[in-house]
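# Close look at the chain arrangement
Here is how the chains run, residue by residue.
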Amino acid sequence: MTILDGKALAAKIKEQTAKTTAKLAAEGKRQPCLAVVLVGEDPASQIYVRNKHNDCVTTGIKSLMHTLPADTSEVDLLNLIDSLNADDTVDGILVQLPLPKHLDEKKVTEHISASKDVDAFSAYNVGKITLGRGGFKPCTPAGIMRLLEEYGIEIAGKECVVVGRSNIVGKPMALLLLAAGGTVTVCHTKTADLAYHTRRADILIAAAGRADLIKDDMVKEGAVIVDVGMNRKDGKLCGDVDYEKCAAKASYITPVPGGVGPMTRAMLLENTITAYENH
Ligand code: NAP
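To start, this report covers the structure provided alongside it.

Before going further, it helps to spend a moment on the side chain of Asp 227. Counting through the fold element by element, Asp 227 comes out in strand β8 (residues 224-227). The charged side chain of Asp 227 is buried without a salt bridge, its nearest counter-charge being Lys 233 at 10.0 Å. Within the structure, the side chain of Asp 227 is placed 3.2 Å from the backbone nitrogen of Gly 229, a separation counted as a polar contact. Excluding residues within four positions of it along the chain, Asp 227 makes contact with Ala 206, Gly 239, Asp 240, Val 241, Thr 254, Val 256 and Val 260.

And the structure:
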(Lines give C-alpha, C1' and ligand atoms only; values in the text may rest on other atoms or scores of the structure.)
Protein backbone atom coordinates (compact mmCIF):
# COMPACT_ATOMS: atom_id res chain seq x y z
CA MET A 1 0.00 0.00 0.00
CA THR A 2 1.29 3.45 -0.92
CA ILE A 3 0.30 6.63 0.88
CA LEU A 4 -0.77 9.43 -1.44
CA ASP A 5 1.28 12.14 0.20
CA GLY A 6 -0.57 15.38 -0.45
CA LYS A 7 1.64 17.30 1.95
CA ALA A 8 4.80 16.46 0.01
CA LEU A 9 3.26 17.19 -3.39
CA ALA A 10 1.75 20.46 -2.13
CA ALA A 11 5.22 21.49 -0.89
CA LYS A 12 6.60 20.85 -4.40
CA ILE A 13 3.81 22.91 -5.98
CA LYS A 14 4.46 25.74 -3.51
CA GLU A 15 8.15 25.66 -4.36
CA GLN A 16 7.27 25.92 -8.05
CA THR A 17 4.90 28.82 -7.33
CA ALA A 18 7.64 30.62 -5.37
CA LYS A 19 10.01 30.16 -8.32
CA THR A 20 7.43 31.63 -10.70
CA THR A 21 6.84 34.70 -8.52
CA ALA A 22 10.60 35.18 -7.94
CA LYS A 23 11.13 35.17 -11.73
CA LEU A 24 8.38 37.77 -12.16
CA ALA A 25 9.98 39.93 -9.47
CA ALA A 26 13.42 39.60 -11.12
CA GLU A 27 11.85 40.78 -14.40
CA GLY A 28 10.38 43.79 -12.57
CA LYS A 29 6.83 42.58 -13.19
CA ARG A 30 3.79 43.02 -10.96
CA GLN A 31 3.27 40.46 -8.18
CA PRO A 32 0.27 38.10 -8.63
CA CYS A 33 -2.42 39.07 -6.13
CA LEU A 34 -5.20 37.16 -4.36
CA ALA A 35 -7.94 39.09 -2.55
CA VAL A 36 -9.61 37.14 0.25
CA VAL A 37 -12.86 38.37 1.77
CA LEU A 38 -13.95 37.12 5.18
CA VAL A 39 -17.31 38.20 6.58
CA GLY A 40 -17.87 37.58 10.28
CA GLU A 41 -15.87 35.69 12.86
CA ASP A 42 -16.48 32.00 12.23
CA PRO A 43 -13.43 30.38 13.93
CA ALA A 44 -12.92 27.67 11.27
CA SER A 45 -13.15 30.27 8.48
CA GLN A 46 -10.64 32.47 10.30
CA ILE A 47 -8.17 29.57 10.35
CA TYR A 48 -8.74 28.73 6.66
CA VAL A 49 -8.26 32.37 5.67
CA ARG A 50 -5.13 32.72 7.79
CA ASN A 51 -3.66 29.60 6.17
CA LYS A 52 -4.43 30.92 2.69
CA HIS A 53 -2.82 34.24 3.59
CA ASN A 54 0.32 32.50 4.90
CA ASP A 55 0.52 30.31 1.77
CA CYS A 56 0.45 33.46 -0.36
CA VAL A 57 3.08 35.22 1.71
CA THR A 58 5.48 32.25 1.61
CA THR A 59 5.13 31.83 -2.17
CA GLY A 60 5.42 35.50 -3.16
CA ILE A 61 1.76 36.06 -4.00
CA LYS A 62 0.38 39.32 -2.68
CA SER A 63 -2.47 38.66 -0.27
CA LEU A 64 -5.14 41.33 0.15
CA MET A 65 -7.25 40.59 3.20
CA HIS A 66 -10.69 42.15 3.57
CA THR A 67 -12.18 41.33 6.96
CA LEU A 68 -15.76 42.57 7.27
CA PRO A 69 -18.10 42.55 10.26
CA ALA A 70 -20.79 39.83 10.47
CA ASP A 71 -23.57 42.39 9.92
CA THR A 72 -22.13 43.65 6.60
CA SER A 73 -25.00 44.34 4.19
CA GLU A 74 -25.29 42.54 0.87
CA VAL A 75 -24.94 45.86 -0.97
CA ASP A 76 -21.65 46.64 0.80
CA LEU A 77 -20.26 43.18 0.08
CA LEU A 78 -21.28 43.34 -3.59
CA ASN A 79 -19.75 46.83 -3.86
CA LEU A 80 -16.47 45.49 -2.47
CA ILE A 81 -16.52 42.66 -5.03
CA ASP A 82 -17.26 45.21 -7.78
CA SER A 83 -14.21 47.22 -6.79
CA LEU A 84 -12.01 44.08 -6.68
CA ASN A 85 -13.38 42.96 -10.07
CA ALA A 86 -12.40 46.36 -11.51
CA ASP A 87 -8.97 46.46 -9.85
CA ASP A 88 -6.31 45.56 -12.43
CA THR A 89 -3.81 44.66 -9.71
CA VAL A 90 -6.09 41.92 -8.32
CA ASP A 91 -5.91 38.55 -10.11
CA GLY A 92 -8.02 36.26 -7.92
CA ILE A 93 -10.95 36.88 -5.58
CA LEU A 94 -12.09 34.44 -2.95
CA VAL A 95 -15.05 34.99 -0.63
CA GLN A 96 -14.71 32.57 2.28
CA LEU A 97 -17.82 30.43 2.78
CA PRO A 98 -20.05 29.97 4.66
CA LEU A 99 -21.37 33.52 4.76
CA PRO A 100 -23.60 34.83 7.56
CA LYS A 101 -27.21 33.74 6.95
CA HIS A 102 -28.53 37.14 5.78
CA LEU A 103 -26.16 37.05 2.77
CA ASP A 104 -27.06 35.08 -0.38
CA GLU A 105 -24.04 32.88 -1.15
CA LYS A 106 -25.20 32.18 -4.69
CA LYS A 107 -25.60 35.87 -5.50
CA VAL A 108 -22.25 36.76 -3.93
CA THR A 109 -20.36 33.92 -5.66
CA GLU A 110 -21.87 34.79 -9.03
CA HIS A 111 -20.84 38.43 -8.57
CA ILE A 112 -17.13 37.56 -8.77
CA SER A 113 -15.80 38.08 -12.29
CA ALA A 114 -15.36 34.65 -13.96
CA SER A 115 -11.74 35.49 -14.83
CA LYS A 116 -10.98 36.09 -11.11
CA ASP A 117 -13.07 33.22 -9.70
CA VAL A 118 -10.10 31.17 -8.45
CA ASP A 119 -12.37 29.01 -6.24
CA ALA A 120 -14.32 28.10 -9.43
CA PHE A 121 -17.69 28.03 -7.68
CA SER A 122 -19.52 30.19 -10.24
CA ALA A 123 -22.03 28.69 -12.67
CA TYR A 124 -19.86 29.92 -15.54
CA ASN A 125 -16.76 28.03 -14.40
CA VAL A 126 -18.74 24.91 -13.43
CA GLY A 127 -20.36 25.05 -16.89
CA LYS A 128 -16.92 25.18 -18.51
CA ILE A 129 -15.80 22.09 -16.61
CA THR A 130 -19.04 20.32 -17.56
CA LEU A 131 -18.45 21.08 -21.24
CA GLY A 132 -14.72 20.32 -21.02
CA ARG A 133 -13.77 23.84 -22.07
CA GLY A 134 -11.00 24.55 -19.58
CA GLY A 135 -11.31 27.38 -17.07
CA PHE A 136 -10.58 27.22 -13.35
CA LYS A 137 -11.19 23.94 -11.59
CA PRO A 138 -12.44 23.89 -7.99
CA CYS A 139 -9.42 23.46 -5.73
CA THR A 140 -10.35 20.24 -3.90
CA PRO A 141 -11.21 18.06 -6.93
CA ALA A 142 -8.36 19.64 -8.91
CA GLY A 143 -5.95 18.76 -6.09
CA ILE A 144 -7.18 15.16 -6.07
CA MET A 145 -6.71 14.84 -9.83
CA ARG A 146 -3.18 16.19 -9.49
CA LEU A 147 -2.39 13.74 -6.70
CA LEU A 148 -3.64 10.77 -8.78
CA GLU A 149 -1.58 12.00 -11.72
CA GLU A 150 1.56 12.39 -9.59
CA TYR A 151 1.36 8.74 -8.55
CA GLY A 152 0.68 7.56 -12.11
CA ILE A 153 -2.81 6.30 -11.30
CA GLU A 154 -4.78 5.58 -14.49
CA ILE A 155 -8.36 6.82 -14.48
CA ALA A 156 -9.49 5.87 -17.99
CA GLY A 157 -11.55 2.69 -17.94
CA LYS A 158 -11.70 2.56 -14.13
CA GLU A 159 -14.81 2.30 -11.95
CA CYS A 160 -14.80 5.58 -10.01
CA VAL A 161 -17.23 6.01 -7.13
CA VAL A 162 -17.70 9.41 -5.52
CA VAL A 163 -19.53 9.51 -2.19
CA GLY A 164 -21.03 13.00 -1.90
CA ARG A 165 -22.70 15.29 -4.44
CA SER A 166 -21.97 18.78 -3.13
CA ASN A 167 -21.37 21.60 -5.58
CA ILE A 168 -17.84 22.21 -4.32
CA VAL A 169 -16.54 18.64 -4.04
CA GLY A 170 -18.67 15.69 -5.17
CA LYS A 171 -20.19 17.05 -8.40
CA PRO A 172 -17.05 18.67 -9.86
CA MET A 173 -15.03 15.62 -8.77
CA ALA A 174 -17.36 13.38 -10.75
CA LEU A 175 -17.05 15.66 -13.80
CA LEU A 176 -13.25 15.66 -13.71
CA LEU A 177 -13.10 11.86 -13.36
CA LEU A 178 -15.57 11.50 -16.22
CA ALA A 179 -13.47 13.83 -18.40
CA ALA A 180 -10.44 11.66 -17.63
CA GLY A 181 -12.25 8.57 -18.95
CA GLY A 182 -13.49 7.07 -15.68
CA THR A 183 -16.85 5.31 -15.39
CA VAL A 184 -18.37 7.38 -12.63
CA THR A 185 -21.01 6.66 -10.00
CA VAL A 186 -22.07 9.40 -7.58
CA CYS A 187 -23.56 8.31 -4.23
CA HIS A 188 -25.43 10.39 -1.65
CA THR A 189 -27.84 10.04 1.25
CA LYS A 190 -30.61 8.71 -1.01
CA THR A 191 -28.40 5.97 -2.47
CA ALA A 192 -30.14 2.71 -1.62
CA ASP A 193 -27.10 0.51 -1.03
CA LEU A 194 -23.92 2.52 -0.58
CA ALA A 195 -21.68 -0.51 0.03
CA TYR A 196 -22.81 -2.14 -3.25
CA HIS A 197 -21.36 0.82 -5.12
CA THR A 198 -18.23 1.43 -3.03
CA ARG A 199 -17.23 -2.25 -3.32
CA ARG A 200 -17.12 -1.90 -7.11
CA ALA A 201 -14.78 1.08 -6.97
CA ASP A 202 -11.29 0.94 -8.42
CA ILE A 203 -11.03 4.57 -7.33
CA LEU A 204 -13.12 5.56 -4.33
CA ILE A 205 -13.51 9.23 -3.39
CA ALA A 206 -15.11 9.68 0.04
CA ALA A 207 -16.52 13.20 0.43
CA ALA A 208 -19.50 12.84 2.75
CA GLY A 209 -18.21 14.49 5.91
CA ARG A 210 -19.11 11.47 8.10
CA ALA A 211 -16.42 9.92 10.28
CA ASP A 212 -15.87 6.18 9.61
CA LEU A 213 -18.60 6.00 6.97
CA ILE A 214 -16.38 3.83 4.76
CA LYS A 215 -15.55 0.52 6.49
CA ASP A 216 -13.13 -2.09 5.19
CA ASP A 217 -15.94 -4.43 4.08
CA MET A 218 -17.12 -1.64 1.74
CA VAL A 219 -13.81 -1.47 -0.09
CA LYS A 220 -12.48 -3.60 -2.94
CA GLU A 221 -9.06 -5.26 -2.54
CA GLY A 222 -6.47 -3.03 -4.27
CA ALA A 223 -8.70 0.05 -4.50
CA VAL A 224 -7.33 3.59 -4.63
CA ILE A 225 -8.95 5.45 -1.74
CA VAL A 226 -9.11 9.24 -1.52
CA ASP A 227 -10.50 10.57 1.74
CA VAL A 228 -11.78 14.15 1.46
CA GLY A 229 -13.65 14.16 4.77
CA MET A 230 -12.59 16.45 7.58
CA ASN A 231 -14.36 15.38 10.74
CA ARG A 232 -13.63 15.44 14.46
CA LYS A 233 -13.63 12.23 16.47
CA ASP A 234 -12.76 12.46 20.17
CA GLY A 235 -11.30 15.88 19.39
CA LYS A 236 -9.03 14.46 16.67
CA LEU A 237 -9.19 15.28 12.97
CA CYS A 238 -10.27 12.29 10.88
CA GLY A 239 -11.68 11.56 7.44
CA ASP A 240 -14.67 9.55 6.21
CA VAL A 241 -12.67 6.33 5.92
CA ASP A 242 -11.89 3.84 8.68
CA TYR A 243 -8.23 4.39 7.89
CA GLU A 244 -6.23 1.51 9.42
CA LYS A 245 -8.50 -1.28 8.21
CA CYS A 246 -9.17 0.21 4.77
CA ALA A 247 -5.47 0.97 4.24
CA ALA A 248 -4.76 -2.75 4.65
CA LYS A 249 -6.91 -3.45 1.57
CA ALA A 250 -6.02 -0.40 -0.52
CA SER A 251 -3.30 -0.05 -3.16
CA TYR A 252 -3.12 3.71 -2.49
CA ILE A 253 -4.74 5.83 0.20
CA THR A 254 -4.68 9.47 1.33
CA PRO A 255 -4.08 10.17 5.02
CA VAL A 256 -6.13 12.70 7.00
CA PRO A 257 -4.49 15.09 7.67
CA GLY A 258 -1.79 15.35 5.00
CA GLY A 259 -3.70 14.14 1.94
CA VAL A 260 -6.36 16.20 0.20
CA GLY A 261 -6.24 19.28 2.49
CA PRO A 262 -2.75 20.53 1.52
CA MET A 263 -3.53 19.86 -2.15
CA THR A 264 -6.64 22.05 -1.96
CA ARG A 265 -4.54 24.94 -0.68
CA ALA A 266 -1.85 24.38 -3.31
CA MET A 267 -4.43 24.47 -6.12
CA LEU A 268 -5.64 27.88 -4.94
CA LEU A 269 -2.12 29.22 -5.47
CA GLU A 270 -1.94 27.62 -8.92
CA ASN A 271 -5.33 29.06 -9.90
CA THR A 272 -4.13 32.50 -8.78
CA ILE A 273 -1.02 32.21 -10.95
CA THR A 274 -3.21 31.08 -13.88
CA ALA A 275 -5.50 34.09 -13.32
CA TYR A 276 -2.41 36.33 -13.36
CA GLU A 277 -1.10 34.77 -16.57
CA ASN A 278 -4.52 35.14 -18.28
CA HIS A 279 -4.92 38.70 -17.03
P1 NAP B 1 -21.56 18.66 2.12
O2 NAP B 1 -21.92 19.86 1.32
O3 NAP B 1 -22.12 18.47 3.48
O4 NAP B 1 -21.93 17.38 1.23
C5 NAP B 1 -21.82 16.08 1.75
C6 NAP B 1 -22.32 15.12 0.72
O7 NAP B 1 -22.19 13.79 1.23
C8 NAP B 1 -23.80 15.30 0.37
O9 NAP B 1 -23.98 15.16 -1.02
C10 NAP B 1 -24.50 14.17 1.12
O11 NAP B 1 -25.63 13.66 0.46
C12 NAP B 1 -23.42 13.11 1.16
N13 NAP B 1 -23.56 12.25 2.33
C14 NAP B 1 -23.59 12.61 3.63
N15 NAP B 1 -23.77 11.53 4.42
C16 NAP B 1 -23.84 10.46 3.61
C17 NAP B 1 -24.03 9.09 3.81
N18 NAP B 1 -24.20 8.58 5.04
N19 NAP B 1 -24.08 8.27 2.74
C20 NAP B 1 -23.92 8.77 1.49
N21 NAP B 1 -23.73 10.08 1.22
C22 NAP B 1 -23.70 10.92 2.26
O23 NAP B 1 -19.98 18.54 2.30
P24 NAP B 1 -18.77 19.00 1.32
O25 NAP B 1 -18.60 20.46 1.37
O26 NAP B 1 -18.90 18.31 0.01
O27 NAP B 1 -17.57 18.34 2.13
C28 NAP B 1 -17.51 16.94 2.37
C29 NAP B 1 -16.41 16.67 3.38
O30 NAP B 1 -15.17 17.06 2.81
C31 NAP B 1 -16.53 17.45 4.69
O32 NAP B 1 -16.00 16.67 5.74
C33 NAP B 1 -15.63 18.65 4.46
O34 NAP B 1 -15.13 19.19 5.67
C35 NAP B 1 -14.55 18.02 3.66
N36 NAP B 1 -13.80 18.93 2.80
C37 NAP B 1 -12.46 18.82 2.81
C38 NAP B 1 -11.72 19.63 1.99
C39 NAP B 1 -10.23 19.48 2.02
O40 NAP B 1 -9.54 20.30 1.46
N41 NAP B 1 -9.71 18.43 2.65
C42 NAP B 1 -12.32 20.55 1.15
C43 NAP B 1 -13.71 20.62 1.12
C44 NAP B 1 -14.46 19.79 1.95
P45 NAP B 1 -26.97 14.54 0.17
O46 NAP B 1 -26.64 15.44 -0.98
O47 NAP B 1 -27.99 13.53 -0.18
O48 NAP B 1 -27.25 15.29 1.45
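Resuming the write-up.
One way to put it is that helix α1 (residues 6-26) packs onto helix α10 (residues 260-278) with a least axis distance of 8 Å and a crossing angle of 25°. In terms of orientation, α1 lies roughly parallel with respect to α10. Remark: the crossing between α1 and α10 carries left-handed chirality. Only Pro 262, Met 263, Arg 265, Ala 266, Met 267, Leu 269, Glu 270, Ile 273 and Tyr 276 of α10 make contact with α1, whose side of the interface consists of Gly 6, Lys 7, Leu 9, Ala 10, Ile 13, Lys 14, Thr 17, Thr 20, Thr 21 and Leu 24. Of the residues that constitute the contact of α1 with α10, the class distribution is eleven nonpolar, four polar and four charged.

Moving on: the site of the ligand. Not every one of the 22 residues close to the ligand is listed here, only the nearest: Arg 165, Ser 166, Thr 189, Met 230 and Thr 264. Here an oxygen atom of the ligand and a side-chain polar atom of Ser 166 are 2.5 Å apart. At 3.4 Å, a backbone N or O of Val 228 approaches an oxygen atom of the ligand. When the free accessible area of the ligand is taken as 930 Å², the share hidden by the protein chains comes to 72%. Broken down by element, the residue count for the shell around the ligand peaks at three residues, all from α10. A breakdown of the residues in the shell around the ligand according to their chemical character gives ten nonpolar, ten polar and two charged.

Applying the stated criterion to the full structure yields zero disulfides. Left without a disulfide partner, Cys 33 is nearest to the cysteine sulfur of Cys 56, which lies 8.3 Å away. Looking at Cys 139, it has no disulfide partner, and the nearest cysteine sulfur is the one in Cys 56, 11 Å off. For Cys 139, a relative accessible area of 5% translates into the label buried.

What follows covers the sheet that holds strand β2 (residues 33-39). Spatially, the three strands line up as an open sheet ordered β3-β2-β4, and their pairing is parallel. Strands at the two margins of the open sheet, each flanked by one partner only, are β3 (62-68) and β4 (92-95). For this sheet the average axis-to-axis angle between neighbouring strands, irrespective of direction, equals 15°. Both β2 and β3 contribute to a ladder of seven bridges, which runs parallel. Bridged to Val 37 within β3 is His 66. Helix α2 (residues 43-59) rests against β2, β3 and β4 of the sheet, and its axis sits at about 165° to β2.

It is worth spelling out a nonpolar patch on the surface at this point. A surface patch of nonpolar side chains, amounting to about 290 Å² of accessible area, comprises Ile 47, Tyr 48 and Met 230. Note that Tyr 48 resides in helix α2. When its relative accessible area of 37% is taken as the criterion, Tyr 48 is described as partly exposed.

Calculation criteria
- Numbering of residues starts from 1 in every chain and runs along the sequence as written.
- A pLDDT threshold of at least 70 governs which residues receive local features in this predicted model, and a stricter bar of 80 or more applies before side-chain atom pairs are shown or counted, although totals over entire chains, interfaces and linings include all residues.
- Side-chain figures throughout are based on the complete set of non-hydrogen atoms in the structure, without hydrogens or water.
- Elements are defined by DSSP. Helices are runs of H or I of four residues or more, strands are runs of E of two residues or more, and each kind is numbered from the N terminus.
- The classification of residues rests on relative accessible area computed with a 1.4 Å probe and restricted to protein chains. Under 20% of the type maximum is buried, over 50% is exposed, and intermediate values are partly exposed.
- Residues scored as positive are Lys and Arg, those scored as negative are Asp and Glu, and His as well as the terminal groups of each chain are ignored.
- We define a salt bridge as a side-chain nitrogen of Lys or Arg found within 4 Å of a carboxyl oxygen belonging to Asp or Glu.
- Contacts described as polar in this section are N or O atom pairs within 3.5 Å, which, within protein, must combine one atom able to donate a hydrogen with one able to accept it, while residues neighboring in sequence count only if both atoms come from side chains.
- Contacts are assigned to residue pairs that have any heavy atoms within 4.5 Å of one another.
- Geometry is summarised by axes, namely lines fitted to C-alpha atoms with helices restricted to the contacting stretch, and by angles between N-to-C directions that run from 0 to 180 degrees.
- Angle categories: roughly parallel below 35 degrees, roughly antiparallel above 145, roughly perpendicular from 65 to 115, and oblique for all the rest.
- Two helices cross in a left-handed way if the nearer one is turned anticlockwise from the farther one by less than a right angle. They cross in a right-handed way if the turn is clockwise.
- In this classification, Asp, Glu, Lys and Arg are treated as charged, Ala, Val, Leu, Ile, Met, Phe, Trp, Tyr, Cys and Pro as nonpolar, and every other residue, Gly included, as polar.
- Each residue is tested against the molecule or strand, and it is near if at least one of its non-hydrogen atoms lies within 4 Å.
- Shrake-Rupley sampling with a 1.4 Å probe provides the accessible areas, and residues are treated as covered by the protein chains on show and by no other component.
- Any two cysteine sulfur atoms lying within 2.5 Å of each other are counted as a disulfide.
- Whether two strands pair comes down to DSSP finding at least two bridges between them.
- Residues qualify for a patch when their relative accessible area is over 30% and they have no salt bridge, like charges being joined within 9 Å and the nonpolar side chains of Val, Leu, Ile, Met, Phe, Trp and Tyr within 5 Å.

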